[in-house]
Amino acid sequence: MKSTKRIIFHLFWLAVSVIAAVLLAVSGAAIYFMPSLPNVHALEDYQLAMPLRVYTADHKLIGEFGEQRRTLVTYNQIPTDMVDAFVSAEDQDFFHHDGVDPKGLARAALQLAHRGQIVSGGSTITMQVARNYLLTLDQTFARKIREIMLSLQMERILTKQQIFELYANKIYLGQGAYGVSTAAEVYFGKPLSKLTLPEAATIAGLPKAPSTLNPITDPERSLIRRNWVLLRMRDLGYITDQQYKSAVEAPIHVQRAHNIAQVKAGYVAEMAREFAVSRFGSAAYTNGYTITTTLDSKKQNDARSALIDGLMAYDERHGWRGPERTQIPATLAEAQNTVDRRGLEQELSASPDVERTARQAAERSSTHVQGLNFDVSNWVKVLSNTPAIGPLQPAIVVDTQGRNMRILLANGELETLDWSDLRWAARARGYSSAAQLASRGDLIRVMHEGDNNAHWRLSQIPRVEGAIVVLNPDNGAILALQGGFSFDHSHFNRATQARRQPGSSFKPFIYLSALSQGHMTPATVINDAPIVQNQADGKAWRPQNDTLTFSGPTRLRVGLYESRNLVAIRALSMTGLDKTLNLLEQMGFNRSQLPNGLSLALGSASLSPLEMARGYAEIANGGYNVIPWYISSITRGDNPKNILEEPAAPVVCTQCAPDQTTVNINGRLYPVAKRIADPASVYLLQDMMKDVIRKGTGRYARALNRPDLAAKTGTSNDERDAWFAGFNTHLVATVWVGMDNNASLHEYAARAAVPIWTQFMGSALKGVPAEESPRPDNIVTLRIDPRTGLRLPDNVPGGIQEIFDANNTPAYQQPAVQPKLEDQSGSQGTGSYDAIF
């Protein structure tokens, strides 16, 4: 009896001692670690790393930059099924404990002692928040103690809802997705609120191993993990047996969003990214900046489509070049025989089993698609690793029969191309069967065609490139910009970075100088005749017209719409090179990059499409200097205040007083654009440029049936560059087409560039009434002799109508009196052919 009491006595004091030791240890740990703990209050206003996002003017996403793709949500925006699924998978007592789960910690400690690893985990959701936000990820007991202490503090300061919100926005869920909202978009292509129960459970199962349990990387393992989460939800009472049975039978349908952009404007998105980095440094990728551009989403889509269609049409006119790759093995086992073994000598020489087992593994990796009774595992792999380029999708030829070609697409579907889908390629080479174009195992490109993309047709990646720039002429805002066929294929922005010779599309600037500074009129007659000029190197410069012919005396208007080179050269010479260069400098051209010679008239300078678009905008707006711009605002986070305080771009203000320098538009002051040319000269030039479409080199655009369009073509030497630039009062578009290697296009602008411009303007101006520029008060219409450009007296019939600045009209044409004719007529004053006929 005494021994029993003694044992109880000793056990009691042992327990007291253990408890005291634990309390002392805890107190000591608290005293030791407390001073070095991070401030939990920082979580009340914690700023998560948020990517840079770039939008159109109508707030459609065109680009996102940053390592962490994340969209923040509040607790109330997270579906109940999602909360229940995470709690079931990660921390079943989350809403009941004080931040630490003693049973979970004890279980984890026993697993670590018994198995050498933790199987079920011991961290609560609160502890994970403490670790992810406030601590490092090093695996030490000291960090674990800090984690526990921070969790206890956190539960006293924050609500459970606040803690879960922090958790749901921070956690990494694989495939570059941070937070539950982004995961919903990445894996299922839908907003968080639209997720089904099985989809919510799939995402909730990811924190354990986001790289290997996600439904894209390993759908089979993801399915097992999802169904375990659903089982836990049922056992914990969050879902019924019927909900469980229905959910676990649901297949995983992943709809991965390869491109999150709502509008394809990669070139402008990259321009905005470069600006943000130059302004904010590396913080541009993490501080949640939002850049709103001036892009109009519809016009951007129209411009991109027009450029792609035009480049594809050009490429098809120049023939089929053959498949991208040939004789690709269908199976991974066959592909093993063609693997490059260089660098694997050590592995292969270690044992014959290395190559044998690798081949066996490849043979087991078979893939079958509906409609084919053989393994296509390697074809599927090749297609999944071959990116789409613009609208061009990769495909592999399965077989050919007569004039039909059966192909396998990247989505695993079989399609048949008939002769109408192949004819363009066959015609160029004189082929009469599909087998002559491509064979089994060849990698080709196809694109949708027809109403609602009804079918596929054979295509190829074009060698030709191009660019299109669209501006608002009244303020220089970039409304659309496409710097190449595909940004994913080539990041080189030809709209801003390519410097090419504009050819005759530069002539309107020469003619503007002639009209405004050279005292010329549309009726001024200039001799279209040969010019020979000795150059500094001793060689003679003999410029030619593209037709290699000369027209003799030619009116300025005709010289422009017929694009007569010698007329432009003489107009420049008569106006004065310095005067013209001064005007070009006022228009925004860099004088140091312009040739200081008469070749300037032929567009021999190297300019970007954006620079050309700016010049045309200054003609379209009536002669005001504007500066192209594309960023309308930059904000950070949810703060609507504009943090970009850049000088506003000049705007055209026709109602402003002559001495007015600023104008208030929607509460912001803008500088008034400076006038660079008189209204009459600009109006005359606009009217002359309309003839380019009415009866000149831009006649293709007559199909638009709009009287308010003016433009000019340009083709550089050896047909290396094709341009078409034009406008109406509210829209300017410049198109360039050429080869990156500066090779000849073997086409003039009228065929290579004009159709692109016409397609875009037709779409952009659809339903928009024609609106001509206001006619200045000092513009008058007179009757002239088309041969001499001189004004005809009222009593002389015939002639043509021409417009003039009232302050600069031609002299009256004098009758050419010939005495012999006068004698023969028997009447004085009739000695001219005009009088007789």
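Above this text sits the structure in question.
Residues numbered from 1 in each chain as written. Predicted model: local features only at pLDDT ≥ 70, side-chain atom pairs only at ≥ 80, totals over all residues. Heavy atoms only, no water.

S.K.: Whenever I open this one, the overall build of the protein chain confuses me. Can you help?
M.R.: Summing up its helical and strand segments, the protein chain has 27 helices and 24 strands in all. Taking all 837 residues of the protein chain together, the buried fraction comes to 49%. Excluding contacts between residues fewer than 6 apart, the proportion of contacts in the protein chain whose partners are at least 24 apart in sequence is 66%. (Helix = DSSP H or I, 4+ residues; strand = E, 2+ residues; numbered from the N terminus. Buried < 20%, exposed > 50% of the residue type's maximum accessible area, 1.4 Å probe, protein only. Contact = heavy atoms within 4.5 Å.)

S.K.: Honestly, the nonpolar core in this entry has me stumped. Any pointers?
M.R.: Formed by 85 residues in total, the largest nonpolar core has its most connected members in Phe506, Phe509, Tyr511, Leu556, Leu584 and Leu594. Not counting residues within four places of it along the chain, the set of residues in contact with Tyr511 comprises Leu556, Gly559, Leu560, Arg564, Val567, Ala568, Leu685 and Met688. One finds Ile163, Tyr167, Ala184 and Val186 within the second-largest nonpolar core, a separate group that totals 44 residues. (Core = buried A, V, L, I, M, F, W, Y, C linked by side-chain atoms within 4.5 Å.)

S.K.: I tried to follow the sheet that holds strand S8 (residues 414-417) on my own but got confused; where do I start?
M.R.: Remark on secondary structure: sheet strands pair via backbone hydrogen bonds, oriented parallel or antiparallel. The sheet built from 5 strands is open, its strands ordered S8-S7-S6-S9-S10 with antiparallel pairing. The open sheet is flanked by S8 and strand S10 (455-459), the only strands paired with a single partner. Geometrically, the sheet is characterised by an average inter-axis angle of 45° between neighbouring strands, direction not taken into account. Sheet topology note: the strand S7 (residues 404-409)/S8 ladder contains 4 bridges and is antiparallel. Considered in S8, the bridge of Met405 is made with Leu417. (Pairing = 2+ DSSP bridges. Axes fitted to C-alpha atoms, helices over the stretch in contact; angles between N-to-C directions.)

S.K.: Help me out: how do you make sense of the side chain of Ser608 in this one?
M.R.: Structurally, the position occupied by Ser608 is in the loop between helix H21 (577-586) and helix H22 (609-620). A relative accessible area of 3% means that Ser608 is categorised as buried. Beyond its immediate stretch of four places on either side in the chain, Ser608 contacts Ala495, Thr496, Ala498, Arg499 and Trp723.

S.K.: What should I look at first to understand the packing of aromatic side chains in this one?
M.R.: Given two aromatic rings, one states the distance between the centres and the angle between the planes to describe the pair. The final tally for this structure, using the stated rule, is 17 aromatic pairs. Their ring planes at 50° and their centres at 5.9 Å tell us that Phe164 and Tyr167 sit as a pair that is tilted. Linking Phe164 with Tyr167, this pair stays in helix H6 (residues 160-170), spanning 3 residues, or about one helical turn. Aromatic side chains Phe509 and Tyr616 sit 5.6 Å apart centroid to centroid with 75° between the ring planes, which places their arrangement in the edge-to-face category. Residue Phe509 is found in helix H18 (residues 507-517), and its partner Tyr616 is found in helix H22; the two are separated by 107 residues along the sequence. When its relative accessible area of 0% is taken as the criterion, Phe509 is described as buried. Through a chain of ring-to-ring contacts, three or more aromatic side chains come together here, namely Tyr75, Phe86, Phe94, Phe95, Phe164 and Tyr167. A cation over a ring is seen here: Arg675 above Tyr624, with NZ or CZ 4.2 Å from the ring centre. (Phe/Tyr/Trp six-rings, centres within 6.5 Å; stacked < 30°, edge-to-face > 60°. Lys NZ or Arg CZ within 6 Å of the ring centre and 35° of its normal.)

S.K.: Explain the state of the cysteines to me, please; I cannot follow it from the model alone.
M.R.: Each disulfide is one covalent bond, formed between the sulfur atoms of two cysteines. Counted by the stated rule, this structure contains 1 disulfide. Between the sulfur of Cys653 and that of Cys656 lies a disulfide, 1.8 Å long from S to S. Between Cys653 and Cys656 the disulfide shows an S-S torsion of about 85°. By sign, it is right-handed. An identical accessibility class is assigned to Cys653 and Cys656; each is buried. (Disulfide = S-S within 2.5 Å.)

S.K.: Can you walk me through the pairing of S7 in this structure?
M.R.: In summary, the side chains of a regular strand alternate between the two faces of the sheet. Judged from the 6 bridges that link them, strand S6 (residues 393-401) and S7 form a sheet pairing that is antiparallel. Looking across to S7, one finds that Ile396 is bridged to Leu408. Following S6, the chain reverses through 2 residues before pairing antiparallel with S7; Gly402 in that reversal takes a positive phi of roughly 60°. From the end of S7 to the start of S8, which pair antiparallel, there are 4 residues, and Gly412 there has a positive phi angle of about 85°.

S.K.: Would you take a moment to explain unusual backbone geometry for this structure?
M.R.: Glycine aside, residues mostly have negative phi angles, and peptide bonds mostly take the trans form. Backbone geometry places Gln175, a non-glycine residue, at a positive phi of 55°. Unlike most non-glycine residues, Gln327 shows phi in positive territory, near 55°. The residue Gln327 is located in the loop between helix H12 (297-317) and helix H13 (332-336) in this model. Here Gln327 falls in the exposed class, since its relative accessible area comes to 69%.

S.K.: I would appreciate a short explanation of the packing of H22 against helix H23 (residues 679-695) in the present structure.
M.R.: Packed helices, taken two at a time, are described by their axes: the angle between them and the distance between them. Contact pair H22 / H23: the axes reach a minimum separation of 9 Å and the direction vectors enclose 110°. Classified by the interaxial angle, the pair formed by H22 and H23 is roughly perpendicular. Along its contact with H22, which presents Tyr616, Ile619 and Ala620, the element H23 presents Val682, Leu685, Gln686 and Met689. Partitioned by chemical class, the residues of the contact of H22 with H23 number 6 nonpolar, 1 polar and no charged. (Parallel < 35°, antiparallel > 145°, perpendicular 65-115°, else oblique. Nonpolar A, V, L, I, M, F, W, Y, C, P; charged D, E, K, R; others polar.)

S.K.: Hey, could you run me through the pairing of strand S19 (residues 668-671) in this one?
M.R.: Alignment of strand S18 (residues 662-665) against S19, held across 4 bridges, turns out to be antiparallel. In the strand pairing of S19, Asn664 is matched with Leu669.

S.K.: In this structure, what is going on with the sheet that holds strand S2 (residues 61-65)? I would like to understand it.
M.R.: Read from one edge of the open sheet, 4 strands run S2-S1-S5-S17, paired in mixed fashion. Bordering the open sheet on either side are S2 and strand S17 (631-636), each of which pairs with just one other strand. The average undirected angle you get between the axes of adjacent strands in this sheet is 15°. Each of strand S1 (52-55), S2, strand S5 (289-293) and S17 touches helix H11 (residues 266-280); the most contacted strand, S2, lies at about 40° to it.

S.K.: Looking at this structure, I do not really get H11. What am I missing?
M.R.: For the α-helix, the turn length of 3.6 residues means that residues three or four positions removed from each other point alike. Taking 1.5 Å of rise per residue, 15 residues should cover 21 Å, and H11 covers 21 Å from first to last C-alpha, within 8% of that figure. For H11, the complete set of buried residues consists of Gly266, Tyr267, Val268, Ala269, Glu270, Met271, Ala272, Arg273, Ala276 and Phe280. Structurally, H11 contributes buried residues whose contacts are with S1, S2, S5, strand S12 (478-482) and S17. Just downstream of H11 lies Gly281, where phi reads positive at about 70°. (Expected span 1.5 Å × (residues − 1).)

S.K.: Explain the side chain of Arg457 to me, please; I cannot follow it from the model alone.
M.R.: Note on placement: Arg457 falls in strand S10. Note on Arg457: relative accessible area 10%, which makes it buried. In terms of polar contacts, Arg457 uses its side chain to reach the side chain of Glu449, at 2.9 Å. Beyond its immediate stretch of four places on either side in the chain, Arg457 contacts Glu316, Leu417, Asp421, Trp424, Arg445, Val446, Met447 and Glu449. (Polar contact = N/O pair within 3.5 Å; in protein donor to acceptor, adjacent residues only side chain to side chain.)

S.K.: So what exactly am I meant to see when it comes to helix H2 (residues 80-90) here?
M.R.: Where burial is concerned, most of H2 is hidden: 9 out of the 11 residues are buried. For H2, the set of buried residues is Met82, Val83, Asp84, Ala85, Phe86, Val87, Ser88, Ala89 and Glu90.

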